[in-house]
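This is what each chain is made of:
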Amino acid sequence: MSVQNYYLYERGGVLSMLPWDYNLAFGTMLMKTEYAVNDPIDQPMAVKSDGGHPMFDWITADENYRALYHSYMSETMDRVDFNSLIDDTRELIRPYVDRDPTKFFTLEEFDAGTAMIKEYIQRRMQSVRGQISGNIPSTKAGQAEKPELLVPTEGINLNAMGDVTMGIADERQDLSSLGEIDASSLENVDTSSLGSLGG
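Residues numbered from 1 in each chain as written. Predicted model: local features only at pLDDT ≥ 70, side-chain atom pairs only at ≥ 80, totals over all residues. Heavy atoms only, no water.

S.K.: Would you mind showing me how to read the packing of aromatic side chains here?
M.R.: Any pair of aromatic rings gets described here by the distance separating the centres and the angle formed by the planes. Enumeration over the complete set of coordinates arrives at 2 aromatic pairs. Judged by centre distance (5.6 Å) and plane angle (90 degrees), the rings of Phe-56 and Tyr-69 are edge-to-face. Note that Phe-56 is positioned in helix α2 (residues 54–61) and Tyr-69 in helix α3 (residues 63–79), a separation of 13 residues in sequence. As far as the burial class goes, Phe-56 and Tyr-69 line up, both buried. Relative to Tyr-65, the ring of Trp-58 lies with its centre 5.0 Å away and its plane at 40 degrees, an arrangement referred to as tilted. Judged by relative accessible area, Trp-58 falls into the exposed class, the value being 54%. (Phe/Tyr/Trp six-rings, centres within 6.5 Å; stacked < 30°, edge-to-face > 60°. Helix = DSSP H or I, 4+ residues; strand = E, 2+ residues; numbered from the N terminus. Buried < 20%, exposed > 50% of the residue type's maximum accessible area, 1.4 Å probe, protein only.)

So this is what it looks like as structure tokens:
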């Protein structure tokens, strides 16, 4: 989930987070593999602890809230059987992927991607558990000082899990043939027939 891509929904004094961009949750949006696997849990993604992300900064600045945040991650890793969840989901949607004439990837790539998700999640959980226990640094500065403590990432291919281009910017379609769009050519386009979009 991207740090800016969510809404907060309040009902009865309780806030719920409504996120989106789950398709990029595994670091496939131009993120290096080493960083995706070992993303520091106390400074994830673009969080710099400089007040730019007040909700997260508020949680990690308080020792009790940070401990609670860590306990929720531990509880989730202990409670959820991710391998079974991935296998069940794969079996549920695989026939539809197979029959989809507009799919961005082959069925073989889909199978390889789900296998890679399982491997990635195991490595990510190893890193998170190490960060919670204190064996792996949980901040950017700490990880930069001791990179030897990070979980190895050999064999992890983020692109196998999907990418931000949805497969259209690879060898199957050469986008260079589309040329560059001249924005000035759009200035005289008559949009009156479009009506009110989203209104």
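Right, picking up where we left off after that structure.
S.K.: Help me understand the nonpolar core, please; the structure alone is not making it clear to me.
M.R.: One recurring pattern in soluble globular proteins: nonpolar side chains tend to sit buried together. Counting 20 residues, the largest nonpolar core has Tyr-120, Ile-121, Leu-158 and Met-161 as its most contacted members. Elements with a contribution of two residues or more to this core: α1 (33–38), α3 and α5 (107–133). Of all the elements, α5 adds the most residues to this core, at 6 residues. (Core = buried A, V, L, I, M, F, W, Y, C linked by side-chain atoms within 4.5 Å.)

S.K.: Please clarify how the environment of Gln-143 should be interpreted in this entry.
M.R.: Here Gln-143 shows up in helix α6 (residues 140–145). On the basis of relative accessible area, Gln-143 is assigned to the buried category, the value being 8%. In this view, Gln-143 contacts Asn-38, Asp-39, Pro-40, Gln-131, Ile-136, Pro-137 and Leu-150; residues no more than four positions away in its chain are not counted. A distance of 3.0 Å separates a polar atom in the side chain of Gln-143 from the backbone oxygen of Pro-137. (Contact = heavy atoms within 4.5 Å. Polar contact = N/O pair within 3.5 Å; in protein donor to acceptor, adjacent residues only side chain to side chain.)

S.K.: When you look at the packing of α2 against α3 in this model, what are you seeing that I'm missing?
M.R.: Packed helices, taken two at a time, are described by the angle their axes make and the gap between the axes. At a minimum axis separation of 5 Å, α2 and α3 run at an interaxial angle of 100 degrees. Between α2 and α3, the angle falls in the class roughly perpendicular. For the pair α2 and α3, the contacting residues are Phe-56, Trp-58, Ile-59, Thr-60 and Ala-61 in the first and Glu-63, Tyr-65, Arg-66 and Tyr-69 in the second. Each residue belonging to the contact of α2 with α3 can be placed in one class, and the counts come to 6 nonpolar, 1 polar and 2 charged. (Axes fitted to C-alpha atoms, helices over the stretch in contact; angles between N-to-C directions. Parallel < 35°, antiparallel > 145°, perpendicular 65-115°, else oblique. Nonpolar A, V, L, I, M, F, W, Y, C, P; charged D, E, K, R; others polar.)

S.K.: Explain the packing of α3 against α5 here, please?
M.R.: The N-to-C vectors of α3 and α5 enclose an angle of 140 degrees; their axes lie 11 Å apart at closest approach. Classified by the interaxial angle, the pair formed by α3 and α5 is oblique. In the packing of α3 onto α5, the handedness of the crossing is left-handed. Two secondary-structure elements touch here, α3 through His-70, Met-73, Ser-74, Met-77 and Asp-78 and α5 through Met-125, Val-128, Arg-129 and Ile-132. (Left-handed = near helix turned anticlockwise from the far one by under 90°.)

S.K.: Any chance you could explain α3 here in plain terms?
M.R.: Each full turn of the α-helix corresponds to 3.6 residues, which orients residues three or four apart in the same direction. With 17 residues, α3 extends 24 Å between its outermost C-alpha atoms, agreeing within 8% with the 24 Å of an ideal straight helix rising 1.5 Å per residue. Taken together, the buried positions of α3 are occupied by Tyr-69, His-70, Met-73 and Met-77. Relative to the axis of α3, the buried residues are bounded by an arc of 95 degrees and lie together on one face. In α3, the exposed positions angled more than 90 degrees off the buried face are occupied by Asn-64, Asp-78 and Arg-79. Buried residues along α3 sit against α2, α4 (82–99) and α5. (Expected span 1.5 Å × (residues − 1). Arc of directions from axis to C-beta.)

S.K.: Is there a simple way to think about the side chain of Thr-114 in this case?
M.R.: Looking at the secondary structure, you find Thr-114 in helix α5. Taking relative accessible area as the criterion, Thr-114 reaches 11% and is therefore assigned buried. A distance of 2.9 Å separates a polar side-chain atom of Thr-114 from the backbone oxygen of Asp-111. With sequence-adjacent residues up to four places away left out, Thr-114 is seen in contact with Ile-86 and Arg-90.

S.K.: I'm lost on the pattern of salt bridges in this one. Help?
M.R.: Where side chains of opposite charge bring their charged atoms close, a pairing between them can arise. Inspection of the entire model under this criterion finds 6 salt bridges. Asp-87 serves as the salt-bridge partner of Lys-118, at 3.0 Å between the closest nitrogen and oxygen. Of this pair, Lys-118 sits in helix α5 while Asp-87 sits in helix α4, and the two are 31 residues apart along the sequence. Classification of Lys-118 as partly exposed rests on a relative accessible area of 24%. Under the relative-accessibility criterion, Asp-87 is labelled partly exposed at 33%. With a shortest N-O distance of 2.8 Å, Arg-123 and Glu-119 are connected by a salt bridge. Taken as a pair, Arg-123 and Glu-119 lie in helix α5 at a separation of 4 residues, close to a single helical turn. With a relative accessible area of 16%, Arg-123 lands in the buried category. For Glu-119, a relative accessible area of 33% gives the class partly exposed. What you see here is one network of salt bridges that share partners, running through Arg-90, Glu-91, Arg-94 and Asp-111. (Salt bridge = Lys/Arg side-chain N within 4 Å of Asp/Glu carboxyl O.)

Shape is all these values report; function is a separate question.
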